[in-house]
Amino acid sequence: MPLPFRPNCQPTSLGPLPHNDASAAWDSVLRYTPSLPALPLIAGESDALALLGVEGFATIETQAGETVLDRTAAMQRLDSVYAGYLRGTMPGQSIDLSGLPRLLPAEQSPVRRAQAVLGLVIGPVSLAMTLVDEQAEPIISSGELLDGLSKHLFLRRLWLQKTLERTGRPAVVWVYEPYLSVLTSAFRPAAATELIDAADQTLGTSGTRALWLSDLVTALALPPTMRVDLLALPLPAPEQAPAAAAWIDRRLMEKTAIGWGVVPITAEGLRLTSAGRLAARFERWLQALEAEGVSAQRVLAASLIMPEDTLAFLEPSEAERALALTAELSSLVRQSYGVD
């Protein structure tokens, strides 16, 4: 479906931030990405993606740094998850997010002038890759549990989308799948079709289907028939343009928007860069695509400018610098290429 906004190299982010205070996180998000603000997930308030994803699915506990799931309880809950999936709702699908109270009521919401507000849920493959049961067996090895997780996360994504829409603005909820890169691994724990079907179920059939992936190779491995309205990934190297050009051309023809993760997400990377250097890097990518016959103007019109990944593992001041660079880079690119 068409996006509820025009990409045009606008700045945005994924949401997770290292702050201890939701108000301070919102101030940063609204300062640097006011048109497409992402709901802050606050690390200091236990808004951890994996824990938020599994909450309500089964009993969990943390052992030696791992999130351990009660397999028996999860299997027993599958029937109610399937019933909720068919209804499109179920008890307990809501989540207590520390950044939400500032959004509502709508008439006082700080995003009431935004083009859209963005949210984020972890994807089923990535969640199943990080969860183990009592025997230290990864949940990804169970087709039933993976399928159940995909439906559970569909309900969570749908709830978050509807909650964000209460601001009176369109809402887009990313499905965050860093570990879907296992698709191209020789040690893939399940059939590729099973993994793709899980992600596809969580994306759902209504609203904007927004998917974040960790690299271009994974994006190229998606079936051509899989509809994605908004896809984001770290900016590829120019040398990858020959392999990517046909794929990008097809996605642009299908009206897919692409978020390019250009801004570094490490303290060292942020210290050593500037908006000018990042703009030059992005320009080299555009030039490499043009050399393969993909118009830079077409790419720019369908692009968003983003950090490479979430900012959750930085210090708050570093995360703010990353957001500031994202906004500055967006402005430089838009001015350089005359993008409205």
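In this text the structure is predicted, and so the values were computed from the model without any measurement.

Cut-offs and rules
- Residues numbered from 1 in each chain as written.
- Predicted model: local features only at pLDDT ≥ 70, side-chain atom pairs only at ≥ 80, totals over all residues.
- Heavy atoms only, no water.
- Pairing = 2+ DSSP bridges.
- Helix = DSSP H or I, 4+ residues; strand = E, 2+ residues; numbered from the N terminus.
- Contact = heavy atoms within 4.5 Å.
- Axes fitted to C-alpha atoms, helices over the stretch in contact; angles between N-to-C directions.
- 1 Å grid on protein atoms, 1.4 Å probe; cavity = no way out; pocket = protein on both sides within 12 Å on 5 of 7 lines; lining within 4 Å.
- Points joined across faces, edges and corners; volume = space filled by probe spheres on them.
- Nonpolar A, V, L, I, M, F, W, Y, C, P; charged D, E, K, R; others polar.

Caption draft 1: The sheet that holds strand 8 (residues 171–177), seen in detail. Ordered by their spatial adjacency, seven strands build an open sheet running 1-12-11-10-9-8-6, and the pairing between neighbours is parallel. The open sheet terminates on both sides in strands that have one partner only, identified here as strand 1 (10–11) and strand 6 (117–122). Alignment of strand 9 (residues 210–213) against strand 10 (residues 230–234), held across three bridges, turns out to be parallel. Residue pairing in the sheet places Ala210 in a bridge with Leu230 of strand 10. Here helix 5 (residues 143–165) sits on the sheet in contact with strand 6 and strand 8, set at roughly 165° to strand 6.

Caption draft 2: Looking closely at the layout of surface pockets. Approximately 480 Å³ is the volume attributed to the largest pocket. Leu49, Ala50, Thr310, Ala312 and Phe313 are, among the 21 residues lining the largest pocket, the residues nearest its centre. Per-element accounting of the lining of the largest pocket gives the leading share, three residues, to helix 2 (residues 49–54). Taken together, the residues of the lining of the largest pocket break down into 15 nonpolar, four polar and two charged. The volume enclosed by the second largest pocket comes to roughly 230 Å³. Around the second largest pocket, the lining residues are Pro2, Leu3, Phe5, Pro7, Leu252, Lys255, Thr256, Ala257, Arg298, Ala301 and Ala302.

Caption draft 3: Spatial organisation of empty space enclosed by the protein. Going through the model one piece at a time under the given rule, you end up with two cavities of 30 Å³ or more. By volume, the largest cavity amounts to about 80 Å³. If you go around the largest cavity, the residues you meet are Leu41, Leu49, Leu52, Gly53, Ile95, Leu97, Leu120, Val121, Ile122, Leu153, Arg156 and Leu160. Among the elements of the structure, helix 2, strand 6 and helix 5 are those that each provide at least two residues to the lining of the largest cavity. Residue classes in the lining of the largest cavity are distributed as ten nonpolar, one polar and one charged. If you add up the space inside the second largest cavity, you get close to 30 Å³. What lines the second largest cavity is Ser13, Leu14, Gly15, Pro16, Leu17, Asp309, Thr310 and Leu311. Partitioning the lining of the second largest cavity into residue classes produces four nonpolar, three polar and one charged.

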